[in-house]
Amino acid sequence: MSFMDMKTKLAGLMAQCLTDTWQDAQGLPTAEEIRGLLAVPPDPKMGDYALPVFRLAKALRMPTAKIATTVVEKWSHEDVARAEAVNGYVNFFLNRVNFAAETLESVLKAGENYGSSDMGNGKTICLDYSSINIAKRFHIGHLSTTMIGHSLRRIYDFLGYKTVGINHLGDWGTQFGKMICAYKLWGNEEEVEKGGVNELVRLYVKFHEEAEKDPALDDQGRAWFKKIEDGDKEAMRIFNWFKALTLRDTERVYKLLGVTFDSYAGESFYNDKMDRVINELKEKNLLTISEGASIVDLSEDNMSPCIILRSDGATLYATRDLAAAIYRHDTYHFDKCLYVVAYQQDLHFRQIFRVLEKMGYEWAKDCVHVAFGMISYEGQALSTRKGHVVYLEDLLNKAVEKAREIIEEKSPNLPNKDEVARQVGVGAVVYFDLHNDRNKDIDFRWERALNFDGETGPYVQYTHARCCSVLRKAEAFAAAEPDYSVITDDEAQDVLMLISHFPQVVRKAMEQSEPSMITRHTTQLAQAYNKYYFEHRIMDESDPVGTAARVNLTRAVRDVIKTGLYLIGVEAPERM
Ligand code: ARG
């Protein structure tokens, strides 16, 4: 599906106009470049789009004013009602009837696929997200990686790419030996089965308390880990069971969020794939010994060395990530591999990507760390050490509960309150997480997440439900050929502009790995539509052709909001 939005169309016409007018000029901007220059003026009285002509003055070797007036003189196209030269700009006033008709018709034709594309056909994107740690509870520190990754995956899918969602489980390290040891000493099967991750955490904490008194325990823990490394049957049975328990607990959260993965190949999966990396590093003369450890020196790149083997021969997180990157490239032949991981791991990924490059893998440039900021809760930093943790499942359940209370109050007669409460509660949390630039830190606040009036998930969902309600009522009206000349007012124009920019916003969100662009755009559309809704009567029995146009506008808004929410992983109830 490809749809040319008005901005792109205008840029093409403009480029054509320039080459027609100045046939010999060198270095004229391309349509793409003009598209980048076209801006939406702050005041609609200054036009729908403005082109800063002074940016062309150099290529044309002509004074700005002369270029602007020439362009205005030469300009003629049915889609532009008029062009004006003002202070170095050419302001374009669209033919609003044509613009409304074209924009709405393309949305109505495509429906919820409006904005999708086949640009990614034949290309594969690996996304490493969520990547939880085994035997730890899923806390809100893992919300952003989960939701940014999930959203990016939907965006890439929507643009025609093949995506591979990978949960790179943190399931390797001596702590698992200690846990088995603790289980053997103080645990019992029934309680672990019942308590799940909570019980594993309890055993692990106990291990540390006891090991302070009796350091010999640490050796026992290490011995158990060695058994895991060697694939000992008993050790593997318990270890895999711990893993299954953790996944069972997290699966509930993923289900609530609607998040899925294609692969759970985590750190342990690479246990037998690291030798290859180590040998290859040796062959390529990249490995040096420093204080007994094997490292890749990165001082030329102003980075601390990447440690491959500790002095006791143990592999590290980085060793496994090198093996993982190579494995993913061999297996999926990715065009890009995105790592959605907190910014604290910035150095780690720069080291990994640089080592891959030094190994001669030119695809290292296709590996991208999609970093994001920290999350705090009601103004308090989270800290496992200080006991200030918020579990994601608790947060989501509480959100659903609160949403339920609000719905009970606002719409007591709603038939499927439970389902809507889940959609609104979970949606509020997800929206909150994805509405700021990902690099910013976030402070989760209930009163901001669940407010039905602010820039929130419930507000946007409510607007969608409002459109659905208008459309239900419209069914009673006889069908008529829409007269788009009734939606040329400024409020309608705002709505239409936002709709027409949507496809481009989705592409930008993909290019910059920034789902929040879609969140904000969808919010603006909801705001613009509400403004329109309050200032105009949609259904008017005495005016069927006008009604048809306004209903079509409503339908397009509904489709675009629904798609926008879908792309950030938020559901859109039809009534609320
Ligand atoms: N499990 C790690 C953590 O919770 C994140 C892993 C990210 N992915 C990777 N390939 N290193 O911090």
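Residues numbered from 1 in each chain as written. Predicted model: local features only at pLDDT ≥ 70, side-chain atom pairs only at ≥ 80, totals over all residues. Heavy atoms only, no water.

**Some words on the overall build of the protein chain**
Now for step 1: Within the protein chain, the secondary structure is distributed over 21 helices and 12 strands.
Now for step 2: Counting over 576 residues, the protein chain shows a buried share of 54%.
Now for step 3: A separation of at least 24 residues holds for 74% of the contacts in the protein chain among residues at least 6 apart in sequence.
Now for step 4: Roughly 26,300 Å² of accessible area belongs to the protein chain as shown, and the carbon and sulfur atoms make up 48% of that amount.
Now for step 5: A distance of 1 Å separates the average location of the 70 positive side-chain charges in the protein chain from that of its 85 negative side-chain charges. (Helix = DSSP H or I, 4+ residues; strand = E, 2+ residues; numbered from the N terminus. Buried < 20%, exposed > 50% of the residue type's maximum accessible area, 1.4 Å probe, protein only. Contact = heavy atoms within 4.5 Å. Areas by Shrake-Rupley, 256 points an atom, 1.4 Å probe, with all protein chains shown as cover. Lys, Arg positive; Asp, Glu negative; His and termini not counted. Charge placed at Lys NZ, Arg CZ, Asp CG, Glu CD.)

**Re helix α9 (residues 197–213)**
Now for step 1: For α9, built from 17 residues, the straight-helix expectation of 24 Å at 1.5 Å per residue is met to within 8% by its first-to-last C-alpha distance of 25 Å.
Now for step 2: The complete set of buried residues in α9 reads Val197, Glu199, Leu200, Leu203, Phe207 and Ala211. Along α9, the residues classed as buried sweep out an arc of 155° about the axis, all on the same side. Turned more than 90 degrees away from the buried face of α9 sit Glu212 and Lys213, all of them exposed. (Expected span 1.5 Å × (residues − 1). Arc of directions from axis to C-beta.)

**Here we look at the environment of Lys243**
Now for step 1: Relative to the assigned elements, Lys243 resides in helix α11 (residues 233–257).
Now for step 2: The buried category is assigned to Lys243, whose relative accessible area is 16%.
Now for step 3: Along the primary structure Lys243 and Gly170 are separated by 73 residues, whereas in three dimensions their C-alpha atoms are 10.0 Å apart.
Now for step 4: Among all residues touching Lys243, those that are not within four sequence positions of it are Ile134, Leu169, Asp171 and Ser268.
Now for step 5: In this structure the side chain of Lys243 is engaged in a polar contact, spanning 2.8 Å, whose partner is the side chain of Asp171. (Polar contact = N/O pair within 3.5 Å; in protein donor to acceptor, adjacent residues only side chain to side chain.)

**Here we look at the sheet that holds strand β5 (residues 162–166)**
Now for step 1: Overall, parallel pairing links the 4 strands, which are arranged β5-β4-β9-β10 in an open sheet. Taken across any chain shown, the strands that pair with only one partner, and hence form the sheet edges, are β5 and β10 (367–370). Sheet twist, expressed as the mean angle between neighbouring strand axes with direction ignored, is 20°.
Now for step 2: Running at roughly 155° to strand β9 (residues 336–340), helix α6 (residues 143–158) makes contact with β4 (124–128), β5, β9 and β10 of the sheet. (Pairing = 2+ DSSP bridges. Axes fitted to C-alpha atoms, helices over the stretch in contact; angles between N-to-C directions.)

**Some words on the site of the ligand**
Now for step 1: Taken together, Asp128, Ser131, Asn133, His142, His168, Tyr317, Asp321, Tyr339, Val341, Gln345 and Phe349 make up the full set of residues near the ligand.
Now for step 2: Asn133 has a polar side-chain atom sitting 2.8 Å from a nitrogen atom of the ligand.
Now for step 3: Note that a nitrogen atom of the ligand is positioned 2.7 Å from one of the side-chain N or O atoms of Tyr317.
Now for step 4: For the ligand, whose free accessible area comes to 350 Å², the fraction covered by protein is 88%.
Now for step 5: Partitioning the shell around the ligand into residue classes produces 4 nonpolar, 5 polar and 2 charged. (Near = heavy atom within 4 Å. Nonpolar A, V, L, I, M, F, W, Y, C, P; charged D, E, K, R; others polar.)

**So, the pattern of salt bridges**
Now for step 1: According to the stated counting rule, one finds 40 salt bridges in the structure shown.
Now for step 2: Between Arg310 and Asp312 there is a salt bridge, with the nearest N and O atoms lying 3.5 Å from each other.
Now for step 3: By sharing partners, the salt bridges in this structure join Glu193, Arg248, Asp249, Arg252 and Glu393 into a single network. (Salt bridge = Lys/Arg side-chain N within 4 Å of Asp/Glu carboxyl O.)

**Quick look at helix α13 (residues 317–332)**
Now for step 1: Compared with the 22 Å implied by 1.5 Å per residue over 16 residues, the 22 Å span of α13 between its first and last C-alpha is a close match.
Now for step 2: Among the residues of α13, Ala318, Thr319, Arg320, Asp321, Leu322, Ala323, Ala324, Ala325, Ile326, Arg328 and His329 are the ones counted as buried.
Now for step 3: The secondary structure elements touched by the buried residues of α13 are β4, β5, α12 (274–283), β8 (306–309), β9 and α14 (346–358).

**Observations concerning empty space enclosed by the protein**
Now for step 1: Following the criterion strictly, the structure yields 2 cavities of 30 Å³ or more and no others.
Now for step 2: The volume enclosed by the largest cavity comes to roughly 90 Å³.
Now for step 3: Lining of the largest cavity is provided by 14 residues; of these, Ile148, Asp433, Asn436, Asp437 and Arg438 occupy positions nearest its centre. (1 Å grid on protein atoms, 1.4 Å probe; cavity = no way out; pocket = protein on both sides within 12 Å on 5 of 7 lines; lining within 4 Å. Points joined across faces, edges and corners; volume = space filled by probe spheres on them.)

**A word on the sheet that holds β8**
Now for step 1: Taken together, the 3 strands give an open sheet; going across it, the order is β6-β7-β8, and neighbouring strands pair in antiparallel fashion. Here the strands that pair on one side only, and so sit at the sheet edges, are β6 (287–290) and β8. Taken pair by pair, the neighbouring strands of this sheet meet at an average axis angle of 45°, ignoring direction.
Now for step 2: Bridge analysis of strand β7 (residues 293–296) against β8 gives 3 bridges, and the strand direction is antiparallel. Bridge pairing in β8 links Ser294 to Leu309.

**What about the packing of helix α5 (residues 96–110) against helix α21 (residues 544–567)?**
Now for step 1: Here α5 crosses α21 at 55°, and the two axes come no closer than 9 Å. Judged on the interaxial angle alone, α21 and α5 are oblique. Classified by chirality, the crossing of α21 by α5 is left-handed. Residue-level inspection shows Leu104, Val107 and Leu108 of α5 in contact with α21, the latter providing Ala549, Asn552, Leu553, Arg555, Ala556, Asp559 and Val560. (Parallel < 35°, antiparallel > 145°, perpendicular 65-115°, else oblique. Left-handed = near helix turned anticlockwise from the far one by under 90°.)

**Let's talk about the side chain of Glu514**
Now for step 1: With respect to the helices and strands, the residue Glu514 is situated in the loop between α19 (490–511) and α20 (516–535).
Now for step 2: Although buried, Glu514 forms no salt bridge, and the nearest oppositely charged side chain, Arg438, lies 4.2 Å from it.
Now for step 3: Setting aside residues no more than four positions away along its own chain, Glu514 makes contact with Leu152, Asn436, Asp437, Arg438 and Ala509.

**Quick word on the layout of surface pockets**
Now for step 1: Put simply, the second largest pocket is a space of about 830 Å³.
Now for step 2: Lining the second largest pocket we find 35 residues, and of these Lys7, Arg35, His501, Gln504 and Val505 sit closest to its centre.
Now for step 3: If you tally residues by element for the lining of the second largest pocket, the top one is α19, at 12 residues.
Now for step 4: A class-by-class count of the residues in the lining of the second largest pocket yields 13 nonpolar, 10 polar and 12 charged.

**Remarks on the packing of aromatic side chains**
Now for step 1: Under the defined criterion, the tally for this structure stands at 28 aromatic pairs.
Now for step 2: Here the aromatic rings of Phe269 and Tyr327 are separated by 5.0 Å at their centres, their planes lie at 75°, and the arrangement is edge-to-face. On the criterion of sequence distance, the pair formed by Phe269 in the loop between α11 and α12 and Tyr327 in helix α13 is long-range, its members being 58 residues apart.
Now for step 3: Where Phe432 meets Phe444, the ring centres are 5.1 Å apart and the plane angle is 70°; that geometry is what we call edge-to-face. Highlighted residues: Phe432 in helix α16 (residues 417–433) and Phe444 in strand β12 (residues 442–444), separated in sequence by 12 residues.
Now for step 4: On the accessibility criterion, Phe432 (7% relative accessible area) is buried.
Now for step 5: Through successive ring pairs, a cluster of aromatic residues spans Tyr129, Phe138, Tyr254, Phe261 and Tyr264.
Now for step 6: Here Arg137 stacks its cationic end above the ring of Tyr391, 3.9 Å away from the centre of that ring.
Now for step 7: Above the ring of Trp186, the side-chain terminus of Lys206 is found at 5.2 Å from the ring centroid. (Phe/Tyr/Trp six-rings, centres within 6.5 Å; stacked < 30°, edge-to-face > 60°. Lys NZ or Arg CZ within 6 Å of the ring centre and 35° of its normal.)

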